[in-house]
Amino acid sequence: MWAAAPQPFQGVATPRLRPRLTPSGAGRILGTALAKAPLIMACTIHDTIPRQFLASVEGFHRPDAFRHKVAGSYRDISHGEVYARVSALACALRGMGIAKRDRVAILSENRIEWAIADLAILSCGGVTVPLYATLPAHQIEYMLRDSESRIVFVSTRAQAEKIAAIRSRLDAVEHVIAFDADVPDDGVLSLETVISDGRALAAETDLRAMVGEVAKSDWASIIYTSGTTGEPKGAI
């Protein structure tokens, strides 16, 4: 069951006593604002998440767009590398038949692959269905069946085993893609293999054109409630 999410409550801020701002303090604040002005002016707000992503890639070109831990040490990932991986994965998803409003689930902890998968899903017009990594298999089954998810990304062997236990009852699920390389390949694709296959497609497909097909009225995610008062409900 899906429902449109309500608008957030716009509460009234509680007044707080603030110290008097001295001229020197005002000067420091103004100087900081002026120093950051070019960066602030460069941050144009776009009407979809994929277009905002492309604008960030084109506008900043940072060597450390993301940072994640590998073998105990942090590794930087540049905007260019993120763009290449998102582009290849989005093209691979299109090649797997994912079109507008098709649902793709992510069963994973917070990690860089989660962000790349999410951006790729949205860029090809799909709808992300995020699932808590702590959920038991029977709750995951309900959400995947209700959302009619066609592809499921999983992070680890443990998450893949949850899907394996219920997959025979998930008629809509066509592919399972694992982030970790050590997940058994019995019916599970590795993320790196999918991205590698997508690179050939990306050479023939312009991600910007694909992103241009995404409208601000398109769904981005279906987020499920906890289900403590009944079956979980998906908020769009």
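Residue numbers here run from 1 along each chain, matching the order of that chain's written sequence. Only residues with pLDDT of at least 70 get local features here, since the model is predicted, and only at 80 or more are side-chain atom pairs given and counted; chain-wide, interface and lining totals rely on the full set of residues. Calculated side-chain values reflect all of the structure's heavy atoms, with hydrogen atoms and water omitted.

Draft legend 1. View of the overall build of the protein chain. Only DSSP runs of H or I with at least four residues qualify as helices, and only runs of E with at least two residues qualify as strands; both kinds are numbered from the N terminus onward. A count of helical and extended segments in the protein chain gives eight helices and ten strands. With 236 residues in all, the protein chain has 37% of them scored as buried. Of all intrachain contacts in the protein chain linking residues separated by at least 6 positions in sequence, the fraction that spans at least 24 positions is 69%. Exposure categories follow from relative accessible area, calculated using a 1.4 Å probe and restricted to protein chains: below 20% of the type maximum is buried, above 50% is exposed, and the middle band is partly exposed. Throughout, a residue-residue contact means that at least one pair of heavy atoms, one from each residue, lies within 4.5 Å.

Draft legend 2. Geometry of the sheet that holds strand β5 (residues 127-131). Taken together, the five strands give an open sheet; going across it, the order is β5-β4-β6-β7-β8, and neighbouring strands pair in parallel fashion. With partners counted over all chains shown, the strands left at the sheet margins are β5 and β8 (189-190), one partner each. Pairing between strands requires that DSSP locate at least two bridges from one strand to the other. Across five bridges, the pairing between strand β4 (residues 103-107) and β5 is parallel. Opposite Val-104, over in β5, you have Thr-128 as the bridge partner.

Draft legend 3. Just helix α5 (residues 137-147), in detail. All of the buried residues along α5 are Ile-140, Glu-141, Met-143, Leu-144, Asp-146 and Ser-147. One or two residues past the end of α5 sits Glu-148, with phi positive at roughly 60 degrees.

Draft legend 4. Local environment of the pattern of salt bridges. Any carboxyl oxygen of Asp or Glu that lies within 4 Å of a side-chain nitrogen of Lys or Arg is treated as forming a salt bridge with it. Inspection of the entire model under this criterion finds 14 salt bridges. Taking the shortest distance from any N to any O, the salt bridge between Arg-208 and Glu-58 comes out at 2.8 Å. Here Glu-58 lies in helix α2 (residues 49-60) and Arg-208 lies in helix α8 (residues 207-212), a separation of 150 residues in the sequence. Note that Arg-111 is salt-bridged to Glu-113, the shortest N-O span being 2.8 Å. Classification of Glu-113 as buried rests on a relative accessible area of 17%. Bridged by salt links that share partners, the residues Asp-102, Arg-150 and Glu-174 form one connected network.

Draft legend 5. Structural context of the side chain of Arg-150. Its location among the elements puts Arg-150 in the loop between α5 and β6 (151-154). The exposure class of Arg-150 is buried, given its relative accessible area of 19%. Pairs of N or O atoms are called polar contacts if they sit within 3.5 Å, as long as, within protein, a hydrogen donor faces a hydrogen acceptor (for residues adjacent in sequence, only side-chain-to-side-chain pairs). Looking at Arg-150, its side chain comes within polar contact range of the side chain of Asp-102, at 2.7 Å. Residues in contact with Arg-150, not counting those within four places in the same chain, are Met-96, Gly-97, Ile-98, Asp-102, Arg-103, Ala-172, Val-173, Glu-174 and His-175.

Draft legend 6. Inspection of the nonpolar core at higher detail. Core analysis: the largest hydrophobic core is formed by 33 residues, its most contacted members being Phe-53, Leu-89, Leu-93 and Phe-153. Of all the elements in the fold, those that place two or more residues in this core are α2, α3 (79-95), β4, α4 (112-123), β6, α7 (191-202) and α8. With near-sequence residues (within four places) excluded, Phe-153 lies in contact with Leu-89, Leu-93, Val-104, Ala-105, Ile-106, Leu-107, Ala-117, Ile-121, Ile-177, Phe-179 and Leu-191. For the purposes of this section, nonpolar cores are sets of buried Ala, Val, Leu, Ile, Met, Phe, Trp, Tyr and Cys residues that join through side-chain atoms within 4.5 Å. With 23 residues, the next largest nonpolar core counts Ala-105, Ala-160, Ile-166 and Leu-170 among its residues.

Draft legend 7. Representation of the pairing of strand β2 (residues 66-70) within the structure. Two strands pair when backbone bridges link them, and β2 and strand β3 (residues 73-77) are joined in this way by five bridges, in the antiparallel orientation. Paired with Lys-69 across the bridge in β3 is Tyr-74. Between β2 and the antiparallel strand that follows it, β3, lie two residues; Ala-71 among them carries a positive phi value of about 50 degrees.

Draft legend 8. Just α7, in detail. Expected helix span is given by 1.5 Å per residue-to-residue step, counting one fewer step than there are residues. If you check α7, its first and last C-alpha atoms are 16 Å apart, about what twelve residues at 1.5 Å a residue would give, namely 16 Å. Buried residues of α7: Leu-191, Val-194, Ile-195 and Gly-198, and no others. Down the axis of α7, the sector holding all buried residues measures 95 degrees, keeping them to one side. What the arc covers is the set of directions going from the helix axis to the C-beta atoms.

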